[in-house]
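# Chain and residue survey
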Amino acid sequence: MRKKEKLELDDAVASLLQHPNGRRYLYWLLDITGAIGISPFTKDSLLTAFNCGEQNVGLQIMAHVIEVSPEGFTSMLTERAQERQEQPEEEDEDTAGHT
């Protein structure tokens, strides 16, 4: 990746992290890719391979977010944890199909 492209992507991530909705969106991306708290392994090797591919994408996104703004990443996790404490216990729609 060219340096200019990297700087533009860094700016985009930094912009997202400056706003609650941006942080919510980034968290959602990490959540649906299994980068946060979901094991990709199943009894089905093809499903495991698919889940590992999704998780790889999520981990790359997470690494970029942390590289751009470790504080923004921490804020995103803290906000989500607070939101989950305030909401009643129910299964997440985003991760309900993940096995």
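From a predicted model like this one, the values you see are computed outputs, not experimental measurements. Residue positions are given per chain, counted from 1 along the sequence in the order it is written. Whole-chain, interface and lining totals are the exception, using all residues; otherwise, since this is a predicted model, local features are given only for residues with pLDDT of at least 70 and side-chain atom pairs are given and counted only at 80 or more. Hydrogens and water are ignored here; the side-chain numbers use all heavy atoms of the structure.

## A word on helix H4 (residues 70–86)
Only DSSP runs of H or I covering at least 4 residues are called helices, and only runs of E covering at least 2 are called strands; the numbering of each starts at the N terminus. A helix is expected to reach a length of 1.5 Å times the quantity of its residues less one. Along its 17 residues, H4 runs 25 Å from first to last C-alpha, staying within 8% of the 24 Å computed at 1.5 Å per residue. Here H4 has its buried residues at Gly72, Phe73, Met76 and Arg80. For H4, the angular spread of the buried residues around the axis is 105 degrees, confining them to a single face. In H4, the exposed residues that point more than 90 degrees away from the buried face are Glu71, Gln85 and Glu86. Looking at the buried residues of H4, the elements they touch are helix H1 (3–17), helix H2 (20–32) and helix H3 (45–68). With a 1.4 Å probe rolled over the protein chains alone, any residue whose accessible area is under 20% of its type maximum counts as buried; one over 50% counts as exposed, and the rest are partly exposed. Each C-beta atom gives one direction from the helix axis, and the arc is the one those directions make. When checking whether two residues touch, look at their non-hydrogen atoms; a contact exists if any pair is within 4.5 Å.

These figures come from the coordinates and say nothing about function on their own.
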